[in-house]
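Read off the chains here:
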Amino acid sequence: MASSSKFRKIVNIFITLLFIVGFVGGNVLRISFGNGVAIGLYDIAVGTIIIAFLLQGLKGKKFPYLLPSIGLFFLVCLVSLLLNSTRFTLSQLMLSSLYLVRLTLYTGLYAVVLKGKDSTSTWLKRLWVSMVLMGFIGFIQYFLYPDLRNLYYLGWDPHYYRIVSTILDPNFAGILFALGVFLSLYLYSKDTQKYFLIGGIILFIALLFTYSRASYLSFFVGLSIWFFSQKHTVLLGVILVAIIGFIFMLPRPGGEGVKLERMASVNARVGNMSDALLVFRSSPLSGVGFNTLRYVKNSIYTGIESHAVSGFDMSILFILSTTGLVGLAAYGNIVYSLSRLIISKNKTYPDMTRLIVVSIFMIGVHGLSVNTYFYSLVLIYLAVLVGVYERKEIG
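What you see is a predicted model, and the numbers here were worked out from it, not measured in a lab.

Novice: Before we go on, may I ask you to explain the overall build of the protein chain in this structure?
Specialist: For the protein chain, the count of helices and strands is 14 helices and 2 strands. Here the protein chain has roughly 18100 Å² of accessible surface; of this, 70% comes from carbon and sulfur atoms.

Right, here's the structure in full:
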């Protein structure tokens, strides 16, 4: 019995370290195979964790509530590929379908968090430590490696004096930092340990130094929901004024990226939206095939392999262009199912409900300018959070 307990502790430590290192590794610890195909350590970590939990056995008999809705969306994505199979080569179709494998992994993580033997507190702390470490590494990157212009040949944007951490993109780093702030607030409300507040402060400052306007807006939306739901409107006003003051006091060391009034990225996104609408109009019902945009957007290629050619900036337009109106309806069904889950548990778990609602709205707003809905680490965050939230009902 003692040996079994010791083995269980070793496995728990292994899973914790694997999850944290995989998450924090971001886009630095990844292997690229060309043709837009890459595997991150976080993918390997999630797959290994799923296997480890399956070998240990899962508890509870109840079926994951969101699984049918997620499965329906996956089916629509697969059908969209099959309907457009004559437009692409077999290798192109197989490469495009690989992202469905990745999405299946994240769905598996949601099921593991929901039905595994590790406590909900353990999962939330794993997630929180990962996000805080990513924020801390962001400061190291800002001071020691602020100029990413030499990574342009690898397909990354030439950011200059912005925190990008291991994500190598300030917009996605920004939304993760913003989500981490509210996770810190939630954990502090449950266990008033000062390190949760310290972690939240680290993430907040890291968020400021991303200079990501989409992340700022999402954070303001999150703050508004967080404090309005608790009827702290005066406190909200004071905090918003203070944050706006902090933003305008940020240093402007040089480069276009740190200018909040910059228009180049806005113009680029407008052009990106126009491209997306053109693709959507070519096949409005079923789309051009899930994740096939790298083969459709030929005009975007410049001789440098970009990490953005497989999608459009706005998540909804990515869904519409690749899976059509049917795909958007199927994706909306996932949101509807999640809404029903929230309504059913709101009175029982109000604090966790607040965190879930804030997270969904923040991701929703952020996805209006960046393809956040399908970003791997955001999906991993949601898999853990929703798995924990639903698990409270299963017990």
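Alright, that's what it looks like, and here's the rest.
Novice: Explain empty space enclosed by the protein here, please?
Specialist: The probe, sized like a water molecule, is rolled over the atoms to show the empty space still left. A full pass over the atoms with the stated rule returns 1 cavity of 30 Å³ or more. Computed from the structure, the largest cavity encloses a volume of approximately 30 Å³. Considering the residues around the largest cavity, the lining is formed by Phe19, Gly22, Phe23, Tyr42, Ala45, Val46 and Ile380. Here the lining of the largest cavity is built from residues that sort into 6 nonpolar, 1 polar and no charged.

Novice: Would you take a moment to explain the pattern of salt bridges for this structure?
Specialist: Opposite charge on two side chains permits pairing when their charged atoms draw close. This model, assessed by the stated rule, comprises 4 salt bridges. In this structure, Arg102 engages Asp43 in a salt bridge whose closest nitrogen and oxygen atoms are separated by 2.7 Å. Pair noted here: Arg102 is in helix α4 (residues 90-115) and Asp43 is in helix α2 (residues 41-56), with a separation of 59 residues, a long-range link. You can call Asp43 buried: its relative accessible area is 7%. Ionic pairing is found between Asp351 and Arg354, a salt bridge with its closest N-O pair at 3.2 Å. Of this pair, Asp351 and Arg354 both sit in helix α13 (residues 350-366), 3 residues apart, which is roughly one turn of the helix. Residues joined by salt bridges that share partners form a network here, namely Lys190, Asp351 and Arg354.

Novice: What exactly am I supposed to notice about the layout of surface pockets here?
Specialist: One number sums up the size of the second largest pocket: a volume of about 810 Å³. The biggest single contributor to the lining of the second largest pocket is helix α12 (residues 315-345), with 9 residues. Here the lining of the second largest pocket is built from residues that sort into 25 nonpolar, 3 polar and no charged.

Novice: Can you help me understand the packing of aromatic side chains in this one?
Specialist: Aromatic ring pairs: the centre-centre distance and the angle between the two ring planes describe each pair. Following the criterion strictly, the structure yields 26 aromatic pairs and no others. Centroid distance Phe209 to Tyr211: 6.3 Å. Interplanar angle 85 degrees. Geometry classified as edge-to-face. One aromatic cluster is present, formed by Phe73, Tyr99, Phe290, Phe318, Tyr331, Tyr373 and Phe374 through successive ring pairs.

Novice: How should the packing of helix α8 (residues 213-228) against helix α9 (residues 233-248) be read in this particular structure?
Specialist: To describe two helices that pack against each other, one gives the angle between their axes and the distance between the axes. Viewed as axis vectors pointing N to C, α8 and α9 meet at an angle of 160 degrees, and their least axial separation amounts to 9 Å. Accordingly, the angle class assigned to the pair α8 and α9 is roughly antiparallel. Viewed along their axes, α8 and α9 form a crossing whose handedness is right-handed. When α8 is examined against α9, the residues Tyr216, Phe219, Phe220, Leu223, Ser224, Phe227 and Phe228 are found in contact with a partner set consisting of Thr233, Leu235, Leu236, Ile239, Leu240, Ile243, Ile244 and Ile247.

Novice: Explain the environment of Leu179 to me, please; I cannot follow it from the model alone.
Specialist: Mapped onto the elements of the fold, Leu179 is located in helix α6 (residues 170-190). Each C-alpha atom of the pair Leu179 and Phe204 lies 9.6 Å from the other, and the pair is 25 residues apart in sequence. Non-local contacts of Leu179, meaning those with residues more than four positions away in its chain, are made with Met131, Ser359, Met362, Ile363 and Tyr381.

Novice: Sorry if this is basic, but what is going on with the nonpolar core here?
Specialist: Among the nonpolar cores identified, the biggest contains 112 residues, and Trp123 and Phe374 are the most heavily contacted of them. The element contributing the most residues to this core is α6, with 12 residues. In contact with Trp123, not counting residues within four places along its chain, are Phe19, Ile49, Phe53, Leu109, Val112, Val113, Asp118, Val384, Val388 and Arg391.

Novice: Please clarify how a nonpolar patch on the surface should be interpreted in this entry.
Specialist: On the surface, Phe136, Ile140, Phe143, Leu144 and Tyr145 cluster together into a nonpolar patch covering about 570 Å² of accessible area. When you line up the elements, Phe143 lands in helix α5 (residues 120-144). Given a relative accessible area of 64%, Phe143 falls into the exposed group.

Novice: Would you mind going over the packing of α5 against α6 with me for this structure?
Specialist: Where α5 contacts α6, the two axes come as close as 10 Å, and the packing angle between them is 135 degrees. One way to sum up the angle between α5 and α6 is to call them oblique. Our pair here, α5 against α6, has a crossing hand that is left-handed. Listed contacts from α6 to Leu124, Leu127, Trp128, Met131, Met134 and Gly135 of α5 are Leu176, Phe177, Leu179, Gly180, Leu183, Ser184, Tyr186 and Leu187. Broken down by class, the residue content of the contact of α5 with α6 amounts to 11 nonpolar, 3 polar and no charged.

Conventions and cut-offs
- Residues numbered from 1 in each chain as written.
- Predicted model: local features only at pLDDT ≥ 70, side-chain atom pairs only at ≥ 80, totals over all residues.
- Heavy atoms only, no water.
- Helix = DSSP H or I, 4+ residues; strand = E, 2+ residues; numbered from the N terminus.
- Areas by Shrake-Rupley, 256 points an atom, 1.4 Å probe, with all protein chains shown as cover.
- 1 Å grid on protein atoms, 1.4 Å probe; cavity = no way out; pocket = protein on both sides within 12 Å on 5 of 7 lines; lining within 4 Å.
- Points joined across faces, edges and corners; volume = space filled by probe spheres on them.
- Nonpolar A, V, L, I, M, F, W, Y, C, P; charged D, E, K, R; others polar.
- Salt bridge = Lys/Arg side-chain N within 4 Å of Asp/Glu carboxyl O.
- Buried < 20%, exposed > 50% of the residue type's maximum accessible area, 1.4 Å probe, protein only.
- Phe/Tyr/Trp six-rings, centres within 6.5 Å; stacked < 30°, edge-to-face > 60°.
- Axes fitted to C-alpha atoms, helices over the stretch in contact; angles between N-to-C directions.
- Parallel < 35°, antiparallel > 145°, perpendicular 65-115°, else oblique.
- Left-handed = near helix turned anticlockwise from the far one by under 90°.
- Contact = heavy atoms within 4.5 Å.
- Core = buried A, V, L, I, M, F, W, Y, C linked by side-chain atoms within 4.5 Å.
- Patch = residues over 30% accessible without salt bridge, like charges linked within 9 Å, V, L, I, M, F, W, Y side chains within 5 Å.

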